[in-house]
Each structure stands twice: as C-alpha cells, then as structure tokens.
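Per-entry structural report
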Amino acid sequence: MTKMKDYLQLDSTGIRELEEKYLFPTYKRYEVFLSHGSGARVYDLDGRGYLDFLAGIAVNSLGYSHPRITRVYLEQAARLIHCSNLFYNPYQGALARRLAEISGLSRAFFTNSGTEANEAALKIARAHGRQQGYKDKTKVLAVRGAFHGRTFGSLSLTFQEKYQAPFRPLVADIEIVEATTVEALEKAFDERTCALFLEPIQGESGVIPLPGDFFRAARELCTQFNALLVLDEIQCGLGRTGKYFAFQHYGVEPDLLTLAKPLAGGYPLGAVLGNARVAAALKAGEHGTTFGGGPLACRLALEFLDTLEEEKLLERVAEVGGYLMDSLRAIAPRHRSIGQVRGMGLMVGVELGAAAVKTVKKLLRRGVIANAAHETVLRLLPPLIISRADVNEFVSALDGALSEVEAEGASSA
Ligand SMILES: *Cc1c(COP(=O)(O)O)cnc(C)c1O
C-alpha cells in the first residue's frame with residue numbers, strides 16, 4: 001500500500017505516470033505541475049512562477065492564497081465543513097440574502113458547480129412551465145455557440161457537435177436558436193416555450209458579448225410568451241466585467257441567474273437565483289443536493305463578496321480592464337495576427353486566428369498562463385486583483401510571443 005509521504009515525494013514524472021495509468025484520459029494537460037500560488041502568480045514544483053491570466057478558468061478571482069479567504073477557510077474547517085441540507089447552517093440564508101441584494105433576485109438554490117446550477121434552472125423552468133396551465137409548455141431554447149456545461153441537461157443546451165455527438169440521445173424538447181439575431185429569436189419562440197438560456201458574454205466561444213438589441217428582444221419575447229429568461233453568468237458574473245453581473249451593463253433583468261466559478265473564492269459552489277415569478281416553482285422534495293450550500297462553501301462566498309466590496313474591486317476591474325484593452329490595442333499595429341480585441345472589464349478576447357494555440361504555448365514558456373478559446377481567440381480571465389504592472393508584464397510577454405510565432409510562420413511559408 002502507498003503511504004502518504006510517498007505522494008508528497010512524487011516528482012513530475014511520477015505524477016504523470018500515475019495519471020496515465022489510473023485516470024480516464026479526459027484531460028490534455030500542459031506540462032506544468034503546479035504546487036502553490038500567491039496573488040496573481042502560481043508556482044510549479046521546481047519553484048518556477050507563472051503570471052496567471054486565466055485564474056483557474058475565472059475561478060481564482062481574488063488570486064491565490066488571499067489572506068481573507070485563507071483565514072476563513074481554516075477557521076470554518078475547524079468548526080463545521082459539512083452538515084447536509086437536513087439541518088440549518090448559519091451561512092446559507094445569509095449568502096442568499098447577500099446575493100439577492102446585489103442581483104435583485106430574491107430566491108437562491110445552492111449547488112456544487114456551474115453545470116448543476118444550470119440543471120436546477122432547467123428543472124425550475126419545466127416546473128414553472130407546467131404551472132402555467134398547459135402540460136406541454138416544456139420547450140427550452142438555447143443559442144448556437146453557447147456553453148452551459150457537461151452534464152446531460154446542460155450538455156443538451158450546448159449545441160456543439162464535438163460535445164454532444166458521442167452522448168445522444170440528449171434531453172428532449174431543447175431547441176436551438178440559430179443565431180444571435182432578433183429574427184432567429186422570433187422564429188424560435190412559441191406558446192410551448194418555457195425558457196431561453198443565454199450567456200450574456202459567450203466565454204468558451206471566444207468572449208463574444210451578446211448584441212444589445214438581441215438581449216432586449218429576448219427579454220420581451222420571454223415576457224410575451226410567459227417563458228423564463230435564464231442568464232448563465234457562471235463565467236462573466238460576480239465582478240468579472242466591472243459590475244456584479246454582466247446583465248447590469250445591458251439593463252435587461254433575468255428571471256433566473258446561474259453562478260458558480262469564483263463564488264466561493266476557489267472552493268466549489270454554484271447557485272441559481274430566481275425572482276418572485278419563479279419563487280413557487282419548486283416544492284419541498286422536488287430538488288435537492290447533499291453538498292450544495294454547505295457551511296464552509298457559503299462562508300467563503302460571504303467573505304469573497306465582502307472582499308469584492310471592501311477592496312473596491314469592481315471599480316478596479318473597470319479601470320485595469322480598460323488599461324489592458326488599451327495596451328493590447330497599442331501593440332496590435334505591430335502584429336498581423338491580432339484581429340479584434342473585445343470584452344468587458346477583465347474578460348477579454350483577442351482574435352489571433354491560426355496563431356492562437358501556438359501563442360498560448362509560447363506564453364507558457366515565458367512564464368505566463370492564458371488560454372485559446374475555440375482555438376482562434378486568446379482568452380484572458382485574470383484575477384480581479386491584478387495591477388497595471390501585471391498588465392505591462394503580460395502585454396510585453398504577448399508582444400514577444402507573437403513576434404516569435406509570426407517569424408516562424410514567415411520562415412515556414
Ligand atoms: C464553466 C461554465 C459552465 C460549467 O461550469 P462547471 O462548474 O464546469 O460545471 C457553465 N456555463 C458557463 C458559461 C461556464 O463558463
């Protein structure tokens with residue numbers, strides 16, 4: 001039998017060998033073996049630092065080892081980590097109230113992940129549809145290009161062939177809106193529609209904000225057909241865009257809002273929030289979870305939200321995000337691979353076409369973590385605490401990485 005101290009002594013080769021032998025091969029990892037982090041930097045087993053402009057995919061919004069998160073984590077772990085939803089804990093109701101204050105949505109259900117938040121939203125939408133008086137008000141709409149998760153319900157909302165094909169049949173009565181145009185939306189809606197799912201800014205598709213007219217038409221059609229507007233802000237929500245929620249930039253209010261990634265400062269927690277329209281959609285016993293809303297996760301989320309407010313991070317995101325976007329546009333004329341630079345706050349996409357994947361690898365070699373969404377867009381989701389100096393360091397690394405990629409492209413052509 002393997003002893004604990006053997007795990008602690010594993011080097012990178014040992015770690016890789018174990019994974020290759022014992023894990024389902026679902027992940028294609030970078031050759032980076034992470035050990036610990038601090039602020040916007042994460043370190044590998046050899047102590048090499050990386051400036052992290054991905055933040056664990058929009059999870060580590062306060063960076064690594066934030067002192068407030070660490071303190072609350074240790075304190076609460078020593079008191080009560082888990083108690084199930086058969087009993088009250090001090091923090092679940094308090095967190096629901098806090099989320100209601102910042103979102104305007106008065107009810108919450110807590111989950112452990114984003115995909116589970118969307119599953120809960122789907123169930124609420126179907127239950128609400130049934131309560132409207134006719135039994136076949138069950139049709140759910142989602143938009144081409146959106147990403148809503150990997151479990152069956154949210155996979156059924158994620159119309160991308162590579163994700164769906166191996167797993168059909170999927171959940172019935174979920175239909176696609178072919179484009180983010182008002183015309184496509186009007187064509188998709190009818191009396192049977194019970195909900196429309198949207199990401200206000202599509203993340204996995206390459207940081208694509210929804211057009212304002214489309215977003216407003218979605219709200220109007222949902223109201224007209226008595227369907228629920230469900231916004232998936234799992235990636236773009238909770239401060240990432242410089243407001244608490246992306247929908248607050250558009251002035252369009254959802255009926256349901258799903259959250260997860262940064263909610264508990266790096267610890268798993270998701271939520272679906274709902275307004276008064278849906279408050280009575282689920283009865284006792286119709287939905288539930290063992291872990292969701294546990295005391296440790298909820299207390300961490302309260303601390304995360306207090307930190308956002310007390311450290312004035314929303315203002316900072318707007319300011320540093322603007323500086324990042326300006327700095328990227330300033331180097332664009334030097335690089336033929338740079339196309340559009342777009343985004344909101346610290347959710348930024350840079351169109352790089354065929355250069356995107358290579359650029360991410362070059363950045364990694366220069367000690368910078370970023371990501372290529374859809375293989376063609378450099379996606380940046382840094383911690384919300386980054387400084388202008390971090391932006392300068394990132395942009396100069398990108399400048400160098402792009403020059404290398406472009407030089408190689410020219411010599412191989
Ligand atoms: C990450 C993500 C999800 C899925 O969240 P998980 O916690 O990985 O299940 C759903 N929707 C969006 C927009 C996301 O970015």
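Residues numbered from 1 in each chain as written. Predicted model: local features only at pLDDT ≥ 70, side-chain atom pairs only at ≥ 80, totals over all residues. Heavy atoms only, no water.

**Considering the sheet that holds strand β5 (residues 139–143)**
Taken together, 7 strands build an open sheet; the order of strands is β4-β12-β11-β10-β7-β5-β6 and the sheet is mixed. Every interior strand has two partners, whereas the edge strands, β4 (107–111) and β6 (174–177), have only one. Strand-to-strand, the axes of this sheet are offset by a mean angle of 20°, without reference to chain direction. Of the pairings in the sheet, the one linking strand β10 (residues 228–232) to strand β11 (residues 256–259) comprises 3 bridges and is parallel in character. Bridging across to β11, Asp232 finds its partner in Thr258. (Pairing = 2+ DSSP bridges. Helix = DSSP H or I, 4+ residues; strand = E, 2+ residues; numbered from the N terminus. Axes fitted to C-alpha atoms, helices over the stretch in contact; angles between N-to-C directions.)

**Focus on a nonpolar patch on the surface**
Together, Phe152, Phe167 and Val171 give the surface a local cluster of nonpolar side chains, amounting to about 270 Å² of exposed area. Within the secondary structure layout, Phe167 lies in the loop between α8 (161–164) and β6. (Patch = residues over 30% accessible without salt bridge, like charges linked within 9 Å, V, L, I, M, F, W, Y side chains within 5 Å. Areas by Shrake-Rupley, 256 points an atom, 1.4 Å probe, with all protein chains shown as cover. Salt bridge = Lys/Arg side-chain N within 4 Å of Asp/Glu carboxyl O.)

**Focus on unusual backbone geometry**
Here the residue pair Arg168 and Pro169 is connected by a cis peptide bond, since its omega of 5° sits within 30 degrees of zero. With respect to the secondary-structure elements, Pro169 resides in the loop between α8 and β6. Look at Ile57: it is not a glycine, yet its phi comes out positive at around 60°. With respect to the helices, strands and loops of the structure, Ile57 is situated in helix α3 (residues 55–58). Using a relative accessible area of 37% as the deciding quantity, one classes Ile57 as partly exposed. A positive phi angle is found at Ala58, which is not glycine, with a value near 65°. (Buried < 20%, exposed > 50% of the residue type's maximum accessible area, 1.4 Å probe, protein only.)

**Here's the deal with the packing of helix α4 (residues 67–77) against helix α12 (residues 295–310)**
Put simply, α4 and α12 touch, their axes get as near as 10 Å, and they point 155° apart. Viewed along their axes, α4 and α12 adopt a mutual orientation that is roughly antiparallel. Both α4 and α12 take part in a crossing whose hand is right-handed. In contact with Arg68, Ile69, Arg71, Val72, Tyr73, Glu75, Gln76 and Ala77 of α4, α12 contributes Pro295, Leu296, Arg299, Leu300, Glu303, Phe304, Asp306, Thr307 and Glu310. In terms of residue class, the contact of α4 with α12 is made up of 8 nonpolar, 2 polar and 7 charged. (Parallel < 35°, antiparallel > 145°, perpendicular 65-115°, else oblique. Left-handed = near helix turned anticlockwise from the far one by under 90°. Contact = heavy atoms within 4.5 Å. Nonpolar A, V, L, I, M, F, W, Y, C, P; charged D, E, K, R; others polar.)

**Some points on the sheet that holds strand β1 (residues 34–38)**
Across the sheet, which stays open at both edges, the 4 strands sit in the order β1-β2-β3-β15 with mixed pairing between neighbours. Bordering the open sheet on either side are β1 and β15 (368–369), each of which pairs with just one other strand. Two elements, strand β3 (residues 49–52) and β15, share 2 bridges in a ladder whose sense is parallel. Within β15, the residue paired with Leu51 across the bridge is Val368.

**Thoughts on the domain arrangement of the chain**
For the chain, the domain assignment lists domain 1 (4–65 + 312–412) and domain 2 (70–310). One C-alpha centre belongs to domain 1, the other to domain 2; they are set 27 Å apart. Contacts between the two partners involve 27 residues from domain 1 and, on the opposite side, 29 residues from domain 2. Roughly 2400 Å² is buried in total at the junction of domain 1 and domain 2, and carbon and sulfur atoms are behind 64% of that figure. On the domain 1 side of the contact with domain 2, Leu314, Met344 and Met347 bury the most area, a combined 31% of that side's loss. Here domain 1 is connected to domain 2 by 1 salt bridge. At the boundary of domain 1 and domain 2, one finds 10 residue pairs in polar contact (both at pLDDT 80 or more). (Domains from an automatic or database assignment. Buried area = accessible area lost by both parts, 1.4 Å probe. Polar contact = N/O pair within 3.5 Å; in protein donor to acceptor, adjacent residues only side chain to side chain.)

**Focus on the site of the ligand**
All residues adjacent to the ligand are Ser113, Gly114, Thr115, Asn118, Phe147, His148, Gly149, Glu199, Asp232, Ile234, Gln235 and Lys261. At 2.7 Å, a side-chain N or O of Gln235 approaches an oxygen atom of the ligand. Looking at the shell around the ligand, the element that brings in the most residues is helix α6 (residues 114–131), giving 3 residues. (Near = heavy atom within 4 Å.)

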